[in-house]
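Commentary on secondary and tertiary structure
The lines below spell out each chain.
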Amino acid sequence: MMKMIYMDNHATTQIDPRVLEVMLPYFTEHYGNPASRQHRFGWVAEEAVEAARNKIAKFLNAEPNEIIFTSGATESNNLAIKGIAEAYAYKGRHIITVATEHKSVLDSCDHLSKAGFKISYLPVDQYGLVDLNILEREINSDTILISVMYANNEIGTIQNINEIAKISTERNIIFHTDATQAVGKLKIDLKNSQIDLLSFSGHKIYGPKGIGVLYIKNKSPKVKLIPQMDGGGHERGLRSGTLNVPAIVGLAKALELCDQFMDEENKRLSEFRNKMQTEFLANLENVFLNGHPSQRIPNNLNISFLHVEDTALIMALKDIAVSSGSACSTANAQGSHVLKALRLSDSRIHSAIRFGLGRFNTAEEVDYVIDKVIVEVKKLRKLSFFKNKKVEL
Ligand SMILES: *Cc1c(COP(=O)(O)O)cnc(C)c1O
């Protein structure tokens, strides 16, 4: 089998072996249900869950009772948006979000719009940033929730989240952020922010799939939300269902490792990313960076190679795993809704490749990818040049 280079770390990450190791005993030896109060199996599992919850709270500077475990960011986003909408519908039925959000936010809002809520989709500038003046103008007396992602999963742009949260709080509106691409890469300090709800997922930070968190601020006035999963009343009644103990233990370890190595990992990956960007721009013509030039997460590089079809380039880079637009929407051939929101030309949208660097990428891999991309882009451009020539004849 061909050795593959993985550069699609916004879609998912390889589990860190140190994470897997701490999870294993919770599949085999300590398999109890943390809700079982009557025997040691249950106690051991519950202890592990609470230790993980404490650790996660510490890394986010939050309180343990503000951490709710879910199956991932999709569920956290659904619970936050639908749960708030249902709880506060008596106050108002207007929600503000952004055109570049993840599908789990956009589709939750779409679901609510069918139930009679009014949704405002904020535009973004050419770099993917929300204009705070436009946000302010969109707020009205009916607005109950603002949901803006922390960092974008396609173009890496980091929003001015603390300012947006501040505006929301000043106007008495609940603020939620999908921080799936930010947690583990950016320092998050929830006690010193005005974020009310925050979602993230384990498998984007070298942890396991199928586990996520919804942080819910527990400060007066307390944020209320209506659970979306009914059952045994786990997680303070907000998310019923037996807890995924091994994954919870793994998530806490994954966050610990991100926290411990954040500065050096960010430095290493941004150096790799900058080298790729510099080399592509120096060796190829008509290459454009998509997203913000500096206000972006360190491992993201989204580049349009004009006159090259994204799918053709991905095919040509056969031993390199990258993606066009977002992996979550590859099912539609419409082209990325994020790049569209930047108002890029069609040719730029359909020639965009997302490189997502990660912990396990090496300097050798980066050099290989640089060379291979440059060679393949030149080849494909030559081909399309001759194809077009033929058409002219
Ligand atoms: C991956 C991702 C999600 C969804 O996470 P799941 O674990 O698949 O539920 C949501 N938002 C963003 C920004 C993401 O990158």
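Heads up: the structure comes first, above all this text.
Residues numbered from 1 in each chain as written. Predicted model: local features only at pLDDT ≥ 70, side-chain atom pairs only at ≥ 80, totals over all residues. Heavy atoms only, no water.

What follows concerns the site of the ligand. Around the ligand lies a shell of 13 residues, among which Thr74, Asp178, Gln181, Ser201 and Lys204 are the nearest. Within the side chain of His203, an N or O atom sits 2.8 Å from an oxygen atom of the ligand. At 2.7 Å, a side-chain N or O of Lys204 approaches an oxygen atom of the ligand. In the complex, the protein chains occlude 87% of the 390 Å² of accessible area that the ligand would expose alone. Taken together, the residues of the shell around the ligand break down into two nonpolar, nine polar and two charged. (Near = heavy atom within 4 Å. Polar contact = N/O pair within 3.5 Å; in protein donor to acceptor, adjacent residues only side chain to side chain. Areas by Shrake-Rupley, 256 points an atom, 1.4 Å probe, with all protein chains shown as cover. Nonpolar A, V, L, I, M, F, W, Y, C, P; charged D, E, K, R; others polar.)

Once that is clear, we can look at unusual backbone geometry. Both trends apply: most residues other than glycine have a negative phi, and most peptide bonds are in trans. Residues other than glycine seldom take positive phi values, yet Tyr206 does so here, at roughly 70 degrees. With respect to the helices and strands, the residue Tyr206 is situated in the loop between strand E7 (197-201) and strand E8 (212-216). (Helix = DSSP H or I, 4+ residues; strand = E, 2+ residues; numbered from the N terminus.)

Right, let's talk about the packing of aromatic side chains for a bit. Counted under the stated rule, the structure contains five aromatic pairs. Judged by centre distance (5.8 Å) and plane angle (85 degrees), the ring pair of Tyr206 and Phe360 falls under edge-to-face. Of this pair, Tyr206 sits in the loop between E7 and E8 while Phe360 is found in the loop between strand E12 (352-356) and helix H12 (363-392), placing the two residues 154 residues apart along the sequence. Here Phe360 falls in the partly exposed class, since its relative accessible area comes to 33%. (Phe/Tyr/Trp six-rings, centres within 6.5 Å; stacked < 30°, edge-to-face > 60°. Buried < 20%, exposed > 50% of the residue type's maximum accessible area, 1.4 Å probe, protein only.)

Estimates place the volume of the largest pocket at around 490 Å³. As for the largest pocket, its lining consists of 20 residues, of which Asn172, Ile173, Ile174, Asp196 and Pro221 are closest to the centre. Class assignment of the residues belonging to the lining of the largest pocket gives a composition of seven nonpolar, seven polar and six charged. (1 Å grid on protein atoms, 1.4 Å probe; cavity = no way out; pocket = protein on both sides within 12 Å on 5 of 7 lines; lining within 4 Å. Points joined across faces, edges and corners; volume = space filled by probe spheres on them.)

Buried within helix H7 (residues 161-170) we find Ile161, Ile164, Ala165, Ile167 and Ser168. Mapping the buried residues of H7 onto a view down its axis gives an arc of 160 degrees, with all of them on the same face. Looking at the buried residues of H7, the elements they touch are helix H6 (132-138), strand E5 (143-147) and strand E6 (174-178). Backbone geometry just downstream of H7 places Asn172 in the positive-phi region, at approximately 65 degrees. (Arc of directions from axis to C-beta. Contact = heavy atoms within 4.5 Å.)

Remark on secondary structure: sheet strands pair via backbone hydrogen bonds, oriented parallel or antiparallel. Pairing in this open sheet of seven strands is mixed, and the strands run E2-E8-E7-E6-E5-E3-E4 from one edge to the other. The sheet is open, and its two edges are formed by strand E2 (67-70) and strand E4 (118-122), each paired on a single side. Sheet twist, expressed as the average angle between the axes of neighbouring strands with direction ignored, equals 20 degrees. Across the sheet, helix H3 (residues 40-59) is in contact with E2 and E7; its angle to E2 comes to roughly 120 degrees. Sitting on the sheet, helix H4 (residues 73-88) is in contact with E2, strand E3 (94-98), E5, E6, E7 and E8, with an inclination near 155 degrees to E7. (Pairing = 2+ DSSP bridges. Axes fitted to C-alpha atoms, helices over the stretch in contact; angles between N-to-C directions.)

Orientation of H3 relative to helix H8 (residues 245-283), taken along the N-to-C sense of each, is 30 degrees, at an axis distance of 9 Å. Between H3 and H8, the interaxial angle falls into the category roughly parallel. In the crossing of H3 with H8, the sense of the turn from one axis to the other is left-handed. Each of Ala45, Ala48, Val49, Ala52, Lys55, Ile56 and Phe59 in H3 lies in contact with H8, whose residues at this interface are Val245, Ile248, Val249, Leu251, Ala252, Leu255, Glu256 and Asp259. Class assignment for the residues of the contact of H3 with H8 results in twelve nonpolar, no polar and three charged. (Parallel < 35°, antiparallel > 145°, perpendicular 65-115°, else oblique. Left-handed = near helix turned anticlockwise from the far one by under 90°.)

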